[in-house]
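Understanding the architecture of this molecule
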Amino acid sequence: MSHGATDEDLLRRLAPQVLGAVVRRFGHFDLAEDAVQEALLAAALRWREPPDDPRAWLITVASRRLTDLLRSEQARRQREAAWAAAWAAAPEQPPAPPGDDTLVLLFLCCHPALSPASQVALTLRAVGGLSTAEIARAFLVPEGTMTRRITRAKQAIRDSGVPFRMPPPAERAERLGAVLRVLYLIFNEGYAATSGPSLHRVELTAEAIRLTRTVHALLPHDGEVQGLLALMLLTDARRPARTGVDGTLIPMAEQDRGRWDAAAIAEGVALVSAALPRGDVGPYQIQAAIAAVHDEAPAAAATDWVQILALYEVLLRIDDNPVVRLNHAVAAAMVHGPAHGLTLLDALAADDRIADDHRWHAVRAHLLEEAGDPAAARAAYLTAAARSANPPQQRYLHARAARLEP
């Protein structure tokens, strides 16, 4: 784009607003999304400077393109009749505030009829403004595969007949939970990539934080939204110190904390500190509180593991899952010794959701090393490396195993 990154940012920010306005007026989510993408492309090619009202320009172009798409459909007459009826029924209906449309889009993309993978892909496409090729690269699947996934998701939304509006209050809390879960999944995939050549995918963490900021701006008094944003900021703040110059993984205990993002830490701590006293504490707020304890420690040795262990025990009561139990075992080992941590870890061995995951074997290897059993630790590090699909993680685990060779 000849006019640079500023207009790219403007287009990305306007994309969900324009899509929301077009879907609200015409319906046809799947075709409207295609029309908006073409309007964004037209803006990228034609604008020398943004027009006085870029949102209105994009809505006009997308509406014209959607009309063309509707007319080209096999059921042209039926579609046009429905469109004309909708137009005539509310010709003076004022547009909803742009922010509302963004939130409605997030709820729509996280429709319960869709699989979690489809919810993530559709959110990145419709709300995040990423191209199908960008999403496919992020999740290391062929572009054709991602195209089919997004197409099926849009078809499922169309077939569901769900109207373009906020869900009724009875459904809203459940659907907001799905929205936050999708944003959390996007962030986690960016921060700790499950596969691929890099440990991080910065474009995904940045997009997850941007979208969560949008939700927080629209729902400023929701504690879990605030907690999730705090958790992302406090976690991402460590990213600059998490890898060496060659991309090698550096564990938190060995990181140069002077490279952590102090501004992000301050914002995250302020967010979670404001959310917790309101009551009705949820898992994202607890995780953010744990991250804050880590980030506020001036050195690894100064970490308040007693407080972290207490927070994990609270988290277990409200969100008991194997990943929380794995982290709880680490905290317990830091407070009560590696043998205690290994006992808790062994209790997880029967849970297929985590026992085959490289993280379980990596934690076990570390605790065995701390307990003074280098041979068993080395074997566990090698098992963890074999079960990881991420090369930087594999290199780190092999290096740990090599240090324990007799």
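Residue numbers run consecutively from 1 along every chain, following the written order of its sequence. With the structure being a predicted model, the display of local features is reserved for residues of pLDDT at least 70 and the display and counting of side-chain atom pairs for 80 or more, all residues being used for whole-chain, interface and lining totals. Computation of side-chain values covers all heavy atoms of the structure but excludes hydrogens and water.

**Structural notes on the nonpolar core**
The tendency in soluble globular proteins is for nonpolar side chains to be buried side by side. Note the following rule: Only buried residues count toward a nonpolar core, which is a set of Ala, Val, Leu, Ile, Met, Phe, Trp, Tyr and Cys residues joined through side-chain atoms within 4.5 Å. To sort residues, take the accessible area from a 1.4 Å probe on protein chains only and compare it with the maximum for the residue type: under 20% means buried, over 50% means exposed, and anything in between is partly exposed. Should any heavy atoms of two residues lie within 4.5 Å, those residues are considered in contact.
Ranked by internal contacts, the top residues of the largest apolar core, which has 95 residues, are Leu19, Val22, Phe29, Leu58, Leu66 and Leu122. Setting aside chain neighbours within four positions, we find Val22 in contact with Gly27, Ala32, Val36, Ile59, Ala62, Ser63 and Leu66. Core analysis: the next-biggest nonpolar cluster, separate from the first, contains 24 residues, Ala377, Tyr381, Leu397 and Leu404 among them.

**Some thoughts on the pattern of salt bridges**
Applied cut-off: The term salt bridge refers to a pairing of a side-chain nitrogen on Lys or Arg with a carboxyl oxygen on Asp or Glu at a separation within 4 Å. Starting at the N terminus, helices and strands are each numbered in turn, a helix being any DSSP run of H or I of at least four residues and a strand any DSSP run of E of at least two.
With the rule as written, the count across this model stands at 16 salt bridges. Close ionic contact of Arg125 with Glu33 constitutes a salt bridge, the shortest N to O distance being 3.3 Å. Residue Arg125 is found in helix H6 (residues 116-127), and its partner Glu33 is found in helix H2 (residues 29-46); the two are separated by 92 residues along the sequence. Considered together, Arg125 and Glu33 belong to a single accessibility category, that of buried residues. For Asp356, the salt bridge identified is with Arg387, shortest N-O distance 3.1 Å. Here the residue Asp356 occupies a position in the loop between helix H17 (352-355) and helix H18 (358-370), and Arg387 occupies one in helix H19 (residues 374-387), the gap between them amounting to 31 residues. Ionic contacts of the salt-bridge type, sharing partners, join the residues Glu33, Asp34, Arg125 and Lys154 into one network.

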